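Tertiary structure, described
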Amino acid sequence: MSTQEQSAPRRPEGAGAGAGPWSDPMGRIGARAGQTLLIAAVAVGIIWVLLRVSVVVLAALVALILASAVAPLVRWLVGKGWSHLLATLTAFLGIVVVVGGVITGVVLAVINEWDSLVSSALQGWQALQDWVTSGPLPVDASVVDDAMQQVTDFVTSGNFASGLASSTLTGISAAGQFLTGLVLMIVVLFFLLKDGWKFTNFSLRWFQGGTRAKLAESIDRSSEVLGGYVRGTATVALVDAVLIGIALAILGVPLALPLAVIIFIGAFIPIVGATATGIMAALVALVTNGLTTALIVTAVVILVNQIEGNFLQPVVMGRTLSLHAMIVLLALTIGTLVGGIFGAILAVPYTAVAWTLIQVWSNRYQAGDDPVLGQDPLDAKDRADAKATTAQRLRYWRISRQRPSSQKLGAAQKVEPGSQDASGHSDASAPTDASGPDGSSDSSASKES
């Protein structure tokens, strides 16, 4: 090598003819920005499609969470010698009877106590009007009468009638969608209880090795999170509804049973559900029974919430969710904005499922205490690997070591050189090593000649 070649500076990699406007830092940032926008556009498109079929999506999500909660009962019945179909029908009919009985009881209670509720509400409104006019604030009775007259005029006006008709049509459409989703949810729930293991088996057969093992673990952990959340929350909600419902009945508050059912449903919305339904019960008591009864109901609600937060939740729920309170609030807000009341109910458990799947599929998180960062904010008991049983770990190990099956679904994939049909004759369409472009071999052509 000459002295001139040794002294010439080396050209940096990527420079020269191959270099372009996308090779510098700004170009790379632009490329990443374009990729991010493309991914965001795809995500927005997927969300738009899901919102268009929201009835189907919500029905499937509700059916999946109910199936995860009831599946252990089906497995227990099968273990006792029941047939799988009989165990499924028993669990399915049990859910239908319980839900149908609750709805029927609520409707009958509302019908029976409606007159009493209207009468108590009118008395409460009159008492509130008397307090406003005779209270410490200088409010003239004519002002209240004028406000009531304006409200009456608006109700009897054509604008209100047209708006009411439009709202009625919207309500009828919403009721139709609800009934459609309810029927679809019932059908999906039945098939998930009956053939859930088939769906799982079918899904796993598309993958091999470590991917199949991770997918199996994802299904197990997700089912445990959803089932544990429903069973634990239902237990806590039942205790809240029974205690507060008994207090409402003793105090003589109308619609005690419907209010107890609302409290039961509201308990499925973490943090804010129990508080909101308790305030509703206190307001009903205030309107119908007066301030003293409302204060007693408020005290009972606070006491029950304290029992739930300090005793029932840690014992019954345990570490099912393993989510920070801020994540729960964000999930509730997003779920409410996207899916309303159903979104608020489903947001938290499916957020916990998403966090579980991240733990199963990602190995980026460095668990354990760090000499520089300090203590690990994620408790070892909250990690996904800590929730797998010994039998499950052995199953995952066997799945990851399993050799792929050689059997194929398509007939074309099974054709091999020299293969024979059922009669023992060789397949004339099967090409051999010496076959030409038309599929006929040279040796067979020479024999025919």
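All of these numbers come straight from a predicted model, not from anything done at the bench. (Residues numbered from 1 in each chain as written. Predicted model: local features only at pLDDT ≥ 70, side-chain atom pairs only at ≥ 80, totals over all residues. Heavy atoms only, no water.)

For the protein, the count of helices and strands is 13 helices and zero strands. Along the chain direction, N to C, the helices and strands of the protein fall in the order α-α-α-α-α-α-α-α-α-α-α-α-α. Taken across its 449 residues, the protein has 26% of its residues classed as buried. Expressed as a percentage of contacts within the protein between residues at least 6 apart in sequence, the contacts between residues at least 24 apart total 66%. Carbon and sulfur atoms make up 67% of the accessible area of the protein, which totals about 30,000 Å². (Helix = DSSP H or I, 4+ residues; strand = E, 2+ residues; numbered from the N terminus. Buried < 20%, exposed > 50% of the residue type's maximum accessible area, 1.4 Å probe, protein only. Contact = heavy atoms within 4.5 Å. Areas by Shrake-Rupley, 256 points an atom, 1.4 Å probe, with all protein chains shown as cover.)

Attention shifts here to the packing of aromatic side chains. For the coordinates displayed, the defined rule picks out four aromatic pairs. Here Phe190 and Phe191 contribute two aromatic rings whose centre-to-centre distance is 5.5 Å and whose plane-to-plane angle is 75°, an arrangement assigned as edge-to-face. Where Phe202 meets Trp206, the ring centres are 5.8 Å apart and the plane angle is 80°; that geometry is what we call edge-to-face. For the residue pair Phe202 and Trp206, the accessibility class agrees, reading exposed in each case. Aromatic rings pair up to connect Phe92, Phe190 and Phe191 into one cluster. (Phe/Tyr/Trp six-rings, centres within 6.5 Å; stacked < 30°, edge-to-face > 60°.)

With 12 residues, helix H12 (residues 390-401) should cover 16 Å at 1.5 Å per step; its first-to-last C-alpha distance of 17 Å lies within 8% of that length. Within H12, the full set of buried residues consists of Gln392, Tyr396 and Ile399. For H12, the arc enclosing every buried residue in end-on projection is 65°, short of the 170-degree limit, so these residues lie on one face. The exposed set on the far side of H12, more than 90 degrees from its buried face, consists of Thr390, Ala391, Arg398 and Arg401. Summarising the contacts, the buried residues of H12 are in contact with helix H7 (209-251). (Expected span 1.5 Å × (residues − 1). Arc of directions from axis to C-beta.)

This part covers the side chain of Thr233. Residue placement: Thr233 occurs in helix H7. Of the polar contacts made by the side chain of Thr233, one reaches the backbone oxygen of Tyr229; its length is 2.7 Å. (Polar contact = N/O pair within 3.5 Å; in protein donor to acceptor, adjacent residues only side chain to side chain.)

Now for a nonpolar patch on the surface. Together, Leu38, Val42, Ile46, Trp48, Val49, Leu50, Val53 and Val56 line one region of the surface with nonpolar side chains, adding up to about 750 Å² of accessible area. Counting residues per element, the nonpolar patch draws most heavily on helix H2 (residues 25-52), which supplies six residues. Tracing the backbone through its elements, the reader meets Val53 in the loop between H2 and helix H3 (54-79). For Val53, a relative accessible area of 37% gives the class partly exposed. (Patch = residues over 30% accessible without salt bridge, like charges linked within 9 Å, V, L, I, M, F, W, Y side chains within 5 Å. Salt bridge = Lys/Arg side-chain N within 4 Å of Asp/Glu carboxyl O.)

What follows is about H7. With 43 residues, H7 extends 63 Å between its outermost C-alpha atoms, agreeing within 8% with the 63 Å of an ideal straight helix rising 1.5 Å per residue. Gly252 sits one or two positions beyond H7 and adopts a positive phi of about 75°.

UniProt records the feature "transmembrane region" (unreviewed entry) for residues 33-51, 57-78, 85-111, 174-193, 257-276, 283-305 and 325-358 in the present numbering. Along residues 257-276, the helical share is 70% and the strand share 0%, with 17 Å between the first and last C-alpha atoms. (UniProt positions renumbered as here; feature names shortened; annotations may be inferred.)

Evaluation of the coordinates by the stated rule reveals five salt bridges. Residues Glu224 and Arg221 are paired through a salt bridge, measuring 2.9 Å at the closest nitrogen-oxygen approach. Of this pair, Glu224 and Arg221 both sit in helix H7, three residues apart, which is roughly one turn of the helix. The exposure class of Arg221 is buried, given its relative accessible area of 2%.

Helix-helix packing: each pair is described by the crossing angle between the helix axes and the interaxial distance. One can describe the packing of H3 onto H7 by two numbers: an axis separation of 8 Å at closest approach and a directional angle of 85°. Here H3 is positioned roughly perpendicular relative to H7, judged by the angle of their axes. When H3 is examined against H7, the residues Leu64, Ile65, Ser68, Ala69 and Pro72 are found in contact with a partner set consisting of Ser223, Leu226, Gly227, Tyr229, Val230 and Arg231. Grouping the amino acids of the contact of H3 with H7 by side-chain chemistry returns seven nonpolar, three polar and one charged. (Axes fitted to C-alpha atoms, helices over the stretch in contact; angles between N-to-C directions. Parallel < 35°, antiparallel > 145°, perpendicular 65-115°, else oblique. Nonpolar A, V, L, I, M, F, W, Y, C, P; charged D, E, K, R; others polar.)

Here we come to the environment of Ala331. As for its placement among the helices and strands, Ala331 is situated in helix H11 (residues 325-361). Each C-alpha atom, one on Ala331 and one on Ala347, is 5.6 Å from the other, the two residues being 16 residues apart in sequence. If near-sequence neighbours (up to four positions away) are discounted, Ala331 is found in contact with Ala347 and Thr351.

A general trend in soluble globular proteins is that nonpolar side chains are found buried together. Ranked by size, the top nonpolar core spans 31 residues in total, and within it Ile65, Met185, Leu189 and Leu193 carry the most contacts. Among the elements of the structure, H3, helix H4 (84-134), helix H6 (158-204), H7 and H11 are those that each provide at least two residues to this core. By residue number, the principal contributor to this core is H3, which donates nine residues. Among all residues touching Ile65, those that are not within four sequence positions of it are Leu226, Tyr229, Val230, Leu346, Pro349 and Tyr350. (Core = buried A, V, L, I, M, F, W, Y, C linked by side-chain atoms within 4.5 Å.)

Time to look at the layout of surface pockets. One number sums up the size of the largest pocket: a volume of about 1,900 Å³. As for the largest pocket, its lining consists of 46 residues, of which Val62, Leu66, Val99, Phe264 and Ile265 are closest to the centre. When residues of the lining of the largest pocket are traced back to their parent elements, those giving at least two are H3, H4, H6, H7, helix H8 (256-266) and H11. It is H4 that provides the largest number of residues to the lining of the largest pocket, a total of 10 residues. (1 Å grid on protein atoms, 1.4 Å probe; cavity = no way out; pocket = protein on both sides within 12 Å on 5 of 7 lines; lining within 4 Å. Points joined across faces, edges and corners; volume = space filled by probe spheres on them.)

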